[in-house]
Amino acid sequence: MTEFSSKAPEPTTPDEERSPNQGNIAAPINKQPTKKRLRLRPSTFWSVRRGIPTWLKIVMPIIGIGIPLIIWSILSYGGFVKDIFLPAPTRVISTGIELFTEDELIKDIFASASRVLGGFALAGLVSIPIGLLMGTFESIASLLNPFVSAVRYMPVAAFVPLIVIWAGIDETAKYLIVFLGIVLYNIAMIVDAVRAIPDELLNAAYTLGSNRFVLLSKVIFPAALPSIMNTMRVNIAGAWNFLILAELIAAEQGLGFRIIRSQRYLQTDRVLFCILIIGIIGLLTDFLLKQLGMFLTPWYEQGER
Amino acid sequence: MAKTLPLTTNSGDSPQAVEHPKLSVHGLSKSFVYQGNPLTVLDDVDIELKANEFICLVGASGCGKSTLLKIIAGLMSPTTGEVRVEGEAVEGPGSDRGMVFQSYSLFPWLTVAKNVEFGLKLQGFSKAERRERIAYYLDVVGLSRFANALPKQLSGGMKQRAAIARALANEPEVMLMDEPFGALDAQTKEQLQQFMQEVWERTHMTILMVTHDVEEAIFLSHRVYIMDAHPGRIRENLHIPLPEHRELDIKIMPQFLELKRYITNQLGH
Ligand SMILES: Nc1ncnc2c1ncn2[C@@H]1O[C@H](COP(=O)(O)OP(=O)(O)OP(=O)(O)O)[C@@H](O)[C@H]1O
Ligand SMILES: [Mg+2]
């Protein structure tokens, strides 16, 4: 969101709305003079939904990342924690370089990322139409709700043995675990998004001559699209969770596999670096999905996505 | 049906057909269930609109005006009674009854022109015809310059004019308007009242407009339906004996003020 221009009129402060009616001649109910007027002073730091200046936008993340980094450095360089539990930042970086140059970490990254994207894309393909239909038609919602809500509360981890029996331990099983992990959350969130579409939009479409198919494809889908994109952004994080779960069970490749193997040899630095990589990939996908969202729904006005 | 730009003509499709009212509502009632008890909101409502009439419906808040309009639009079904468009009973919504809502109902993902085009595409107009109509109706509402703007870039009054253009472009048999200027400030409201008067003079659209602004009702309409509340009934069908063309200063003429006093009294009853 752009910052409020300085020319914009000052927003009414809450106390202005409390002031008594101008034309009201009647005596105040309470004869006692009001002791204290409630006035809100403007603030840069604590401004609510009003944007912050650029310098603060730069400084705050640096502090946010810097403080944990400093604590980490003190703990490790200062020798407060053993190297085997918490290796120093520089150690983790040098191990990381080693992993890339000598251990072909890029292959694992690629394996994991494609599993996440595959399962995630599949979940999207399934959940978007089902969510739209359930949100739109009460009948479809009644049909699928018992299944969707019940299964949503069953932990995917509990299904993993079953999935291994059904799909073996090859790639299919990993895609399936990621898919199952997020598809129901996707559906539930998309259903909510559809239900939040204001009636007026649907009514306008009806009175312009829409049939139900047009309503679904030309009104409900675009109206829900910003929320769908947000849902995707939230749930891709979940996809990584389930991927690591899948790779812990059975895999010869992937970041989860790396983590588990490094743990066996107490290579804490490697574990940390792999986690770091997952975080960075997460940030990257989040950024890309955000860009995609802005590209697909430029009309959508919401301060910060 | 022939896709022409009638604009001013009220084409009698078949010459031998009997003259039906554009819109008629017979014996219409609506009850809701409220806290386990039936609540009658509309009771035996009869309404008739002839072609090219501009009719306003006034009534106290909560008397069922919006409910009535939604039923006419087919967005809600009546408990009893029926709605006819040109003599034909209708159930469910259709492009023959266009509607403008109190709150802004433009599709936020479409530009103003694309919003207007929405209904035209559904009706199967060719690209050239669509472009022609969009240009014409955006001109009618004075938004030609904003054809490519998104709704979020428009002011409240402009949004409402765009919504009116969208409904007009479909050239429905009847235009239903539910307090279209209710959310606007007094000045913009007066501008849009004058604007609606001009729109009617240019298009001779058959319009049923709900308002609780008595002045607005008298200024715009040829007849006013006055409603009673609890249950909602038509109390009176009042002819407005003012010249067809009106300027805003008519609002201070004695005849106007007398009508206003009369209707206000009826409502306050
Ligand atoms: N879905 C509903 N369920 C139950 N009661 C309803 C429903 N919709 C409307 N009502 C009731 O019907 C009555 C009429 O509502 P309606 O919205 O038609 O009033 P209105 O004349 O348009 O009022 P206003 O001028 O304030 O817009 C109200 O008393 C309301 O409580
Ligand atoms: Mg209403």
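Residues numbered from 1 in each chain as written. Chains lettered and ligands numbered in written order. Predicted model: local features only at pLDDT ≥ 70, side-chain atom pairs only at ≥ 80, totals over all residues. Heavy atoms only, no water.

Some points on the domain arrangement of chain A
- For chain A, the domain assignment lists domain 1 (55–86) and domain 2 (93–296).
- For domain 1 of chain A and domain 2 of chain A, the distance between their C-alpha centres works out to 31 Å. (Domains from an automatic or database assignment.)

Points about the sheet that holds strand 1 (residues 23–34) of chain B
Residue and element names in this part refer to chain B.
- Strand order in the open sheet made by the four strands is 2-1-4-5, with antiparallel pairing throughout. Lying at the two open borders of the sheet, with one neighbouring strand each, are strand 2 (37–49) and strand 5 (88–89).
- Sheet topology places strand 1 next to strand 2; nine bridges connect them, and they run antiparallel. Within the sheet, the bridge partner assigned to Ser24 lies in strand 2 and is Glu48.
- Where helix 1 (residues 65–73) meets the sheet, it contacts strand 1, strand 2 and strand 4 (80–85), and its direction lies at approximately 120° from that of strand 1. (Pairing = 2+ DSSP bridges. Helix = DSSP H or I, 4+ residues; strand = E, 2+ residues; numbered from the N terminus. Contact = heavy atoms within 4.5 Å. Axes fitted to C-alpha atoms, helices over the stretch in contact; angles between N-to-C directions.)

What about the site of ligand 1?
All names here are of chain B.
- Close contacts around ligand 1 come from Phe32, Val41, Ser61, Gly62, Cys63, Gly64, Lys65, Ser66, Thr67, Glu179 and His212, and that covers them all.
- In this structure, Ser61 approaches ligand 1 through a side-chain N or O atom, which is 2.5 Å from an oxygen atom.
- Contact between ligand 1 and Glu179: an oxygen atom at 3.3 Å from a side-chain N or O atom of the residue.
- When the free accessible area of ligand 1 is taken as 630 Å², the share hidden by the protein chains comes to 62%. (Near = heavy atom within 4 Å. Polar contact = N/O pair within 3.5 Å; in protein donor to acceptor, adjacent residues only side chain to side chain. Areas by Shrake-Rupley, 256 points an atom, 1.4 Å probe, with all protein chains shown as cover.)

Describing the nonpolar core
- In this structure, A:Leu255 and B:Phe107 are the most contacted members of the largest nonpolar core, which totals 66 residues.
- A per-element tally of this core places helix 9 (residues 212–249) of chain A first, with 18 residues.
- Of all hydrophobic cores here, the second largest spans 53 residues; its members include B:Val100, B:Ala167, B:Leu220 and B:Ile226. (Core = buried A, V, L, I, M, F, W, Y, C linked by side-chain atoms within 4.5 Å. Buried < 20%, exposed > 50% of the residue type's maximum accessible area, 1.4 Å probe, protein only.)

Some words on the interface of chain B and chain A
- The partner chain A presents 19 residues to the 23 residues of chain B that form the contact.
- Linking chain B to chain A there are zero salt bridges.
- Here chain B and chain A share three residue pairs in polar contact (both at pLDDT 80 or more) between them.
- Elements supplying a minimum of two residues to the side of chain B that touches chain A: helix 1, strand 6 (97–100) and helix 2 (112–122) of chain B.
- Class assignment of the residues belonging to the side of chain B that touches chain A gives a composition of 12 nonpolar, seven polar and four charged. (Salt bridge = Lys/Arg side-chain N within 4 Å of Asp/Glu carboxyl O. Nonpolar A, V, L, I, M, F, W, Y, C, P; charged D, E, K, R; others polar.)

Notes on the packing of helix 6 (residues 156–167) of chain A against helix 9 of chain A
Residue and element names in this part refer to chain A.
- Two numbers describe how helix 6 lies on helix 9: the axes approach to 11 Å, and their chain directions differ by 45°. Looking at the two axes, helix 6 sits oblique to helix 9. The way helix 6 lies across helix 9 gives a crossing that is right-handed. Here helix 6 contributes Val156, Ala157, Val160 and Val164 to the contact with helix 9, which in turn contributes Phe242, Leu245 and Ile249.
- Across the contact of helix 6 with helix 9, the residue classes break down as seven nonpolar, no polar and no charged. (Parallel < 35°, antiparallel > 145°, perpendicular 65-115°, else oblique. Left-handed = near helix turned anticlockwise from the far one by under 90°.)

Brief notes about the packing of aromatic side chains
- Under the counting rule described, the total for this entry stands at seven aromatic pairs over all chains.
- The interplanar angle of 45° and the centroid separation of 4.7 Å between the aromatic rings of B:Phe107 and B:Phe118 together place this pair among those described as tilted. One end of the pair, B:Phe107, is in the loop between strand 6 and helix 2; the other, B:Phe118, is in helix 2, with 11 residues separating them in the sequence. Like B:Phe107, the residue B:Phe118 is buried in the burial classification.
- Joined through ring pairs, the aromatic side chains of A:Trp299, A:Tyr300, B:Phe107, B:Trp109 and B:Phe118 make up one cluster.
- If you follow B:Arg166 out to its NZ or CZ, it ends over the ring of B:Phe107, 4.8 Å from the centre.
- One residue, B:Lys251, lies across the ring of B:Phe219, its end atom 5.4 Å from the ring centre. (Phe/Tyr/Trp six-rings, centres within 6.5 Å; stacked < 30°, edge-to-face > 60°. Lys NZ or Arg CZ within 6 Å of the ring centre and 35° of its normal.)

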